[in-house]
Every structure is written in structure tokens, then in C-alpha cells.
Amino acid sequence: MSDSKYSVLFMRDDRDVTRYRVSPFWLKMFIFAQLFLLLCAAGGIYMGVRGLRINANLREANKDMEQRLVDAEVRLERLSNMEKILQSYDPAELQSLLAAATTEVERKPDQPEVDLNQIFTGVDTQQVGVENIQAKLAGRNVDVSFELNNLQAANKTVTGKADFSFVTKNGRTVPAKTNARDLVFQIQRFKRIQTTFSLPDGMEEKDIFGLRLVIKGNDGDVIFAETYPFYHILA
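What counts, and where the lines are drawn
Residues numbered from 1 in each chain as written. Predicted model: local features only at pLDDT ≥ 70, side-chain atom pairs only at ≥ 80, totals over all residues. Heavy atoms only, no water. Salt bridge = Lys/Arg side-chain N within 4 Å of Asp/Glu carboxyl O. Helix = DSSP H or I, 4+ residues; strand = E, 2+ residues; numbered from the N terminus. Buried < 20%, exposed > 50% of the residue type's maximum accessible area, 1.4 Å probe, protein only. Pairing = 2+ DSSP bridges.

J.: An account of the pattern of salt bridges is needed here, citing residue identities and associated values.
T.: Opposite charge on two side chains permits them to pair, given that their charged atoms come into close proximity. All told, the structure shown has four salt bridges when counted by the stated rule. Measuring nitrogen to oxygen at the nearest pair gives 3.5 Å for the salt bridge that ties R192 to E147. Within this pair, whereas R192 is found in strand 9 (residues 190-198), its partner E147 is found in strand 5 (residues 141-150), the two being separated by 45 residues in sequence. For R192, a relative accessible area of 35% gives the class partly exposed. Where K206 meets D207, a salt bridge forms, and the shortest distance between an N and an O atom there is 3.5 Å. Residue classification places K206 among the exposed residues on the basis of a relative accessible area of 59%. According to the relative accessible area criterion, D207 is partly exposed, its value standing at 25%.

Here you go:
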């Protein structure tokens with residue numbers, strides 16, 4: 001019959017029976033609505049999981065891009081530091097160094113070539129900063145002092161060891177016989193480092209082009225390196 005309806009009874013212990021008459025059309029619409037909501041929920045869950053996966057992939061790609069950008073910035077910073085160093089040198093002194101290095105290589109073909117990259121290329125991992133480096137020459141003793149700053153978070157301690165080498169005018173690098181106790185550090189903010197070492201045997205002040213400072217972390221990796229022309233830091 002066209003006017004037939006469903007009877008829905010609600011029974012409670014403390015009340016009379018309540019009866020509702022529902023048209024088959026509205027009952028079907030209710031069932032369809034529940035199915036539709038179920039499908040929407042399933043679709044929402046699927047899109048949510050898919051969105052999480054896409055977001056995770058984008059985060060990974062972004063992390064890789066950031067790492068590549070950091071590497072590129074480090075390389076650019078090294079090149080910029082090298083350019084600044086070269087610009088700060090006395091052109092005549094630099095020409096003398098290059099000429100002497102070339103002459104040394106030509107005179108001793110069996111000796112390894114002078115690696116100017118090793119002499120001039122700086123390293124700066126932004127863990128420590130070096131400021132106000134000064135050197136004094138007293139006889140054959142070289143007194144060196146500089147300020148070492150912790151560039152990490154305030155609650156993170158940086159430990160490591162600094163070391164010096166002489167860079168001669170003929171392009172050689174000669175390690176300085178330093179006192180390790182003076183150059184070992186463990187800092188949270190700032191430390192002024194002072195040390196004294198002697199000129200190597202057979203080396204005079206006129207033979208020195210500069211000092212190369214190399215700082216290594218506890219793991220032995222270089223975290224800072226720079227070459228300082230002697231006439232720039234000599235007090």
C-alpha cells in the first residue's frame with residue numbers, strides 16, 4: 001500500500017510505550033545517510049593517511065634541501081674567507097710567496113708540490129669563533145693570544161684543542177712545538193687562550209709568512225682553521 005508506514009516502538013521500564021510511525025522513504029533516507037557518512041569517514045581516513053605520507057615525503061625532501069643548502073653555504077663561506085684573506089694580504093708579499101713556492105717546486109722536482117689550498121683555505125663550522133688574535137716575537141719565542149668564543153647554545157659545552165703551524169715564505173707548513181696544556185679548552189661561553197712556542201731550528205723571523213691556527217673538536221674533526229699573515233697579527 002502507498003500509505004504504509006513502519007512503526008518504531010520505544011519501551012522503558014518507567015514509562016509507557018512510545019510509538020513512532022516512519023515512512024519507508026525516510027527510513028531508507030536514514031540508512032542511505034548512514035552509509036554516506038560511513039563512506040565519507042572512510043574517505044577522510046584514506047585522505048588523512050595519504051596526506052601524512054605526502055607530508056612526510058615533503059619533510060624529508062625539505063630536510064635534504066636544507067642540508068644541501070647548508071653544505072653550499074659552508075663552501076661559499078670558505079671561498080669567501082679565502083677571498084678575504086687574499087685581499088687582505090700585501091700583494092707584494094703574496095707575490096713573493098707564490099714566486100718562492102714556484103721556485104721551490106722547480107728546484108726540487110722530487111718534492112711534493114706546495115698546496116696553497118691547504119695553506120689558505122679556511123674552515124668554519126660555526127661551533128667556535130676566534131677574535132683578537134695577536135702575536136709577539138721575543139727573541140726566538142713567539143707569544144700568541146686570542147679569544148675563543150662558543151657559538152653553540154648557551155648550555156652546550158665545546159671541548160677540543162687548538163694548534164699552530166708556521167707558514168713560510170717558500171710555501172712550506174712547519175708545525176709549531178706547542179704546549180698542549182695551553183691549547184686544550186672546554187668552554188661554555190668565552191675563553192682567552194695564551195701560549196708560547198719557539199721558532200723551529202733554522203727558521204728566522206724573515207722566513208715567516210704567517211701562522212695557521214687549526215682547532216679540532218673532541219672527535220678529532222677540524223671545526224676551525226685559518227691562516228693569519230704574520231705582519232697582521234704581530235703586536
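J.: For the pairing of strand 6 (residues 158-168), give the residues involved together with the corresponding values.
T.: Extensive coverage of strand 6 is indicated by the burial of eight of its 11 residues. In this sheet, strand 8 (residues 184-187) lies alongside strand 6 in antiparallel orientation, the contact comprising four bridges. Looking at the pairing, G160 lines up with F185 of strand 8. Strand direction decides the pairing type here: strand 6 and strand 7 (residues 173-175), joined by three bridges, are antiparallel. The residue bridging S165 from the neighbouring strand is P175, located in strand 7. What sits between the antiparallel neighbours strand 6 and strand 7 is a turn of four residues, in which G171 has the positive phi angle 90 degrees.

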